[in-house]
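Structure assessment
What follows is the residue order along each chain.
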Amino acid sequence: MEKVIVYPGAGLNGEISIPSSKPHIQRALLLALLNERTTKIVNISWNTETENLLRALKQFGLKVLEETDTTILLRGMGWDLDVNGEINAEGSGMLFRTCSALAALTKDVVRIKCNESLFSRESLFDDAFCSLLNISLIRIGRNLVEVRRKQHNEQLPLTTKNSTQFISFALFVSPFLDNKVIPVCDKDVGAGYIAMTIQSMEMLGSSVIHTPGQLKVTEYAPRDITINIPSDFTSLSYVASSILSIIGESQVKIVNYHHGGTINEEHLFKIYNNFGLSLEHDLKLNELILTRRPSMPLHTEISLKELPSAAANIIAATSNLGGHLIFNGVTGINNHKCQRAFVISENIRRMGGSSSLIFNSIGVFEKIYIGGGEQLSGGIELHSYGDHRVCAANVIAALGAKQASTIHGVKKLNDGFPGFIETLKRLGANIQ
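Residues numbered from 1 in each chain as written. Predicted model: local features only at pLDDT ≥ 70, side-chain atom pairs only at ≥ 80, totals over all residues. Heavy atoms only, no water.

Observations concerning the overall build of the chain
Looking only at helices and strands, the chain has 13 helices and 22 strands in total. Scaling as 2.2 N^0.38, a compact globule of 432 residues should have a C-alpha radius of gyration of about 22 Å, and the chain matches this with 21 Å. C-alpha extents for the chain along the principal axes are approximately 60 × 50 × 40 Å. Out of the 432 residues in the chain, the part that is buried amounts to 56%. (Helix = DSSP H or I, 4+ residues; strand = E, 2+ residues; numbered from the N terminus. Rg over C-alpha atoms; globule rule 2.2 N^0.38 Å. Buried < 20%, exposed > 50% of the residue type's maximum accessible area, 1.4 Å probe, protein only.)

Right, dumping it as structure tokens:
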């Protein structure tokens, strides 16, 4: 399936389940490689990116001992890694950064094959990341990068300007490095994804202590561990944004929902509540009830800094609500398979909405303005440019539009939320 036609709807209702948390699964798999004992991961689900990550970590020596539909038992290697063959990162910046960090734990040259979209991103190479890990990244030919060990004389502070993953993956390997101090910009270390990383490391006994200008880590203590994966708040944003976008009252029950307790998830709940979408979590039944009723348009500024993976969905949904909204903290969503913020803003404008980019005093993109109008007109063809989050945003915006729109590239949804289109149909969306 390469394209779908999304027709106007009148509400979403029913009972569904959603995937498990991709960022938690990514961290659990990486921790399993760094653990010399066994790691059991429970409530796991798979998409293209996590399958590719497991395949790459197996090339570094990770062993799969047992596997069912929702559980996997692994045995890792610790720090003395060998790499078997060329890693295929395709278009995944996460996989590229993970394997680059692991190069600090092996004497081998790590060769990473990339597609062209990776090389179009400013966030692919980071001098501070390389200087901390004493590695060099060299592009060889059109689609290949070699990561080699190289001693750097100066260590630069890591930031989250291009991605929180540079600090996260540097943290994961740092317990095995001679220098267990990571220089950082203090304003960046409180990000939710970094907190998630620190919580993962604690499962192997490694503590991360923040002092001014640096993070200090302690060594791992290998042990047999079990990691329970919560539900995916990004997949939740796919469903919640669809409910928010579509015209009419909706009520959706998500079964087997496990709260992750992260900063990101807490921020996500607050944003949807601001727009009149209530999310009621029953801890005993592990159910999440999403209820949407008509609400007054908002005129405010909202930060999406803690929600880079959900930002596109939220922006797309609110384009159908009227009001005047400014979203800040969105610069990071451009550091992916395409320049998401620019594409989404233009697609909203083409659908008849009011959207514009806001730049700071030196002309750097900083915020997005959405508003002024009401329901989108739709009635056009939208391309996704090989990016699953752009594709999801296109679908979400189209759900609330007045006329049917054709969305191209829906196969890429398997990178984030496999079965998203089928889930919407189950809830009553008219998608052909």
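Once the structure has been displayed, the description carries forward.
Examining the sheet that holds strand 22 (residues 405-408)
Taken together, three strands build an open sheet; the order of strands is 1-22-21 and the sheet is mixed. The sheet is open, and its two edges are formed by strand 1 (3-6) and strand 21 (381-382), each paired on a single side. By the bridge criterion, four bridges tie strand 1 to strand 22 in an arrangement that is antiparallel. Bridged to Val6 within strand 22 is Ser405. Contacting strand 1, strand 21 and strand 22, helix 12 (residues 388-399) crosses the sheet at an angle of about 170° to strand 22. (Pairing = 2+ DSSP bridges. Contact = heavy atoms within 4.5 Å. Axes fitted to C-alpha atoms, helices over the stretch in contact; angles between N-to-C directions.)

Quick notes on the pattern of salt bridges
Using the criterion set out here, one finds 14 salt bridges in the structure. A salt bridge links Glu146 to Arg148, with the nearest nitrogen and oxygen atoms 3.0 Å apart. Each of the salt bridges in this network shares a partner with another, and the network as a whole consists of Glu15, Lys253 and Glu287. (Salt bridge = Lys/Arg side-chain N within 4 Å of Asp/Glu carboxyl O.)

Some remarks on helix 8 (residues 233-245)
Over its 13 residues, helix 8 runs 18 Å from end to end, which matches the ideal 18 Å to within 8%, given 1.5 Å per residue. Across the 13 residues of helix 8, 13 count as buried, placing the element largely inside the fold. (Expected span 1.5 Å × (residues − 1).)

Considering the packing of helix 1 (residues 22-34) against helix 7 (residues 192-202)
Two measures define how a pair of helices packs: the angle their axes make with one another and the distance between the axes. Helix 7 packs onto helix 1 with a crossing angle of 35° between their chain directions and a minimal axis gap of 10 Å. Judged by the twist between their axes, the crossing of helix 1 over helix 7 is right-handed. When helix 1 is examined against helix 7, the residues Pro23, His24, Arg27 and Leu31 are found in contact with a partner set consisting of Tyr193, Met196, Thr197, Ser200 and Met201. When grouped by side-chain class, the residues that make up the contact of helix 1 with helix 7 number five nonpolar, three polar and one charged. (Left-handed = near helix turned anticlockwise from the far one by under 90°. Nonpolar A, V, L, I, M, F, W, Y, C, P; charged D, E, K, R; others polar.)

With respect to the side chain of Thr38
Considering the arrangement of structural elements, one finds Thr38 in strand 3 (residues 38-42). Polar contacts involving the side chain of Thr38 include one to the side chain of Asp224, which spans 2.9 Å. Setting aside anything within four residues of it in sequence, one finds Thr38 in contact with Leu65, Leu73, Leu74, Arg75, Arg223, Asp224 and Ile225. (Polar contact = N/O pair within 3.5 Å; in protein donor to acceptor, adjacent residues only side chain to side chain.)

Digging into the packing of aromatic side chains
Inspection of the entire model under this criterion finds nine aromatic pairs. Residues Tyr193 and Phe233 carry aromatic rings whose centres are separated by 6.2 Å and whose planes lie at 45° to one another, so their mutual orientation is tilted. With Tyr193 in helix 7 and Phe233 in helix 8, this pair connects stretches of sequence that are 40 residues apart. For Phe233, a relative accessible area of 1% puts it in the buried group. Taken together, a centroid distance of 5.4 Å and an interplanar angle of 40° make the contact between Phe417 and Phe420 tilted. Linked through ring pairs, Tyr238, Phe417 and Phe420 together constitute an aromatic cluster. The side chain of Arg97 reaches across the aromatic face of Phe166, ending 5.1 Å from its centre. (Phe/Tyr/Trp six-rings, centres within 6.5 Å; stacked < 30°, edge-to-face > 60°. Lys NZ or Arg CZ within 6 Å of the ring centre and 35° of its normal.)

Things to note about the pairing of strand 18 (residues 324-328)
Note that strand 17 (residues 299-303) and strand 18 share five bridges and pair parallel. Residue Ser303 lies in a different strand from strand 18, and its bridge partner there is Asn328. Handedness of the strand 17-helix 10 (residues 311-318)-strand 18 crossover: right-handed. (Right-handed = clockwise from strand over helix to strand, strands pointing away.)

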